[in-house]
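These are the residues of each chain, in order.
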Amino acid sequence: MPFRLSKEVAAGNPTIVALPDVGLVGVIAASFMISNSRSEVVGSIELEDQPPIAVIQEGRVLDPIRIYEVRTEQGPSFNAVYSDIPVPPTAAWDISGAIMDFAGSVGSRELVVLGGLPEPNRINIERPRVFVVSSDPEFTSSVAQRAEAEVFEMGYVTGPNAALLKMGGERGIRVLLVLAQAHLNYPDPGASAEVIAFVNRLYGTSYNVQPLLEQAESIRLQLRDLMRRTAASLTRGPKGLELEAPPGYIR
């Protein structure tokens, strides 16, 4: 399942990954950042068993899994891998391999995966906490301190997130998971806003999340069908593990 590029991409920029997942946290956050930057579609990824799907936006025909080049007003530039469709559990290794191949081909040494961490008590949490984890414990601690997040110390990670962590360690690309507490089966713009605030602190960008929070209800309505399809996909994989604590070590 190769990636395809339609133009040359600047080398060395971090790559943000946003696939439909818990609360659609990464999808909402990346969509907001893409819309509020100078962004251009530069490529795509196609799943091997994916039925023909075309996304129509403002009269333009787009692939459902797209690669963007994102330039911000403050100077930092990113690549972004963004999907409008849920990734089937059986395709987790394939899409992760394609993302890692793309990152390696453009010299991206840092992969930042935006997502949600299911929190059963989310309705009573006004400001979701943001957790980070990577295959490099020192890097994880440094990022957590620098960008005011918490280290994800114990739990399960599944799907493409787990595959990317494993592949990053093998290929020498630092993969950082950024997970905000979120509703499992409802779009969660509030959690997405916390993830964007984390990106602001980490990279020095200045995305204003207030418009996102003001549109929260309309975003929930707009994305309810994608959330329903994503939830159905998650039930076919081991996603429920993320609600459990692993046995850990006996001390």
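Undergrad: An account of the packing of helix α1 (residues 25-35) against helix α5 (residues 189-203) is requested, with residue identities and associated values reported.
TA: At a minimum axis distance of 8 Å, the contact between α1 and α5 shows a crossing angle of 60 degrees. Overall, the two elements α1 and α5 adopt an arrangement that is oblique. As α1 runs across α5, the sense of the crossing is right-handed. Between α1, through Val25, Ile28, Ala29, Phe32 and Met33, and α5, the contact on the second element is made entirely by Pro189, Ala191, Ser192, Val195, Ile196 and Val199. Of the residues assigned to the contact of α1 with α5, the class counts are 10 nonpolar, 1 polar and no charged.

Undergrad: Talk me through the pairing of strand β2 (residues 15-18); I want residue IDs and the actual numbers.
TA: With burial as the criterion, each face of β2 is covered, one bearing Thr15 and Val17 and the other bearing Ile16 and Ala18. Strand direction decides the pairing type here: β2 and strand β8 (residues 110-118), joined by 3 bridges, are parallel. Bridge pairing in β8 places Thr15 opposite Leu111.

Undergrad: I'd like a description of helix α4 (residues 159-171), backed by residues and values.
TA: The end-to-end C-alpha separation of α4 is 18 Å, in line with the 18 Å expected for 13 residues at 1.5 Å each. Within the sequence span of α4, burial applies to Pro160, Asn161, Ala163, Leu164, Leu165, Met167 and Gly168. Contacts from the buried residues of α4 go to β2, α2 (92-105), β8, β9 (130-134) and β11 (174-182). A positive backbone phi angle near 75 degrees is found at Gly172, which sits one or two residues after α4.

Undergrad: Describe the packing of α2 against α4, listing the residues and the values that go with them.
TA: Direction vectors running N to C along α2 and α4 enclose 45 degrees, while the axes themselves pass 9 Å from each other. By the angle between their directions, the pair α2 and α4 is classed as oblique. Relative to α4, α2 is oriented so that their crossing is right-handed. Each of Ala92, Trp93, Ile95, Ser96, Gly97, Ile99, Met100 and Asp101 in α2 lies in contact with α4, whose residues at this interface are Gly159, Pro160, Ala163, Leu164, Lys166, Met167, Gly168 and Arg171. Residues belonging to the contact of α2 with α4 are distributed by class as follows: 9 nonpolar, 4 polar and 3 charged.

Undergrad: Describe the confidence of the model for the chain, listing the residues and the values that go with them.
TA: If pLDDT is low for a region, its predicted coordinates should not be looked at in detail. When pLDDT is averaged along the chain, the result is 88, and 93% of the positions lie at 70 or above. Counting interchain partners and residues more than four positions distant, the pLDDT-below-50 stretch residues 243-251 has 11 contacts.

Undergrad: Explain the environment of Tyr186 residue by residue, including any values.
TA: Relative to the helices and strands, Tyr186 is located in the loop between β11 and α5. Sequence separation between Tyr186 and Leu221 is 35 residues, and the spatial gap between their C-alpha atoms is 9.8 Å.

Undergrad: Would you mind going over the nonpolar core in detail, with residue names and values included?
TA: Leu114, Leu176, Val178, Ile196 and Phe198 are the most contacted members of the largest nonpolar core, which totals 45 residues. Apart from the residues within four sequence positions on either side, Phe198 is in contact with Val130, Val132, Val143, Ala147, Ala149, Leu176 and Val178. Ranked by size, the runner-up nonpolar core spans 32 residues in total, among them Leu19, Val81, Ile85 and Ala103.

Undergrad: So what about the pattern of salt bridges? Which residues, and what values?
TA: When the charged atoms of two side chains lie near each other, side chains of opposite charge can form a pair. In total, this model carries 12 salt bridges according to the counting rule given. When the shortest N-O distance is used, the salt bridge between Glu46 and Arg4 registers 3.5 Å. A residue pair is termed long-range when its members are at least 10 positions apart, and Glu46 in the loop between β3 (38-45) and β4 (55-57) and Arg4 in strand β1 (residues 3-5) qualify at 42 residues. Under the relative-accessibility criterion, Glu46 is labelled partly exposed at 38%. Judged by its relative accessible area of 40%, Arg4 is partly exposed. For Glu217, the salt bridge goes to Arg220, with nearest N and O atoms at 3.1 Å. With a gap of 3 residues between them, Glu217 and Arg220 both fall in helix α7 (residues 216-222), about one helical turn apart.

Conventions we followed
Residues numbered from 1 in each chain as written. Predicted model: local features only at pLDDT ≥ 70, side-chain atom pairs only at ≥ 80, totals over all residues. Heavy atoms only, no water. Axes fitted to C-alpha atoms, helices over the stretch in contact; angles between N-to-C directions. Helix = DSSP H or I, 4+ residues; strand = E, 2+ residues; numbered from the N terminus. Parallel < 35°, antiparallel > 145°, perpendicular 65-115°, else oblique. Left-handed = near helix turned anticlockwise from the far one by under 90°. Contact = heavy atoms within 4.5 Å. Nonpolar A, V, L, I, M, F, W, Y, C, P; charged D, E, K, R; others polar. Buried < 20%, exposed > 50% of the residue type's maximum accessible area, 1.4 Å probe, protein only. Pairing = 2+ DSSP bridges. Expected span 1.5 Å × (residues − 1). pLDDT = per-residue confidence, 0-100. Core = buried A, V, L, I, M, F, W, Y, C linked by side-chain atoms within 4.5 Å. Salt bridge = Lys/Arg side-chain N within 4 Å of Asp/Glu carboxyl O.

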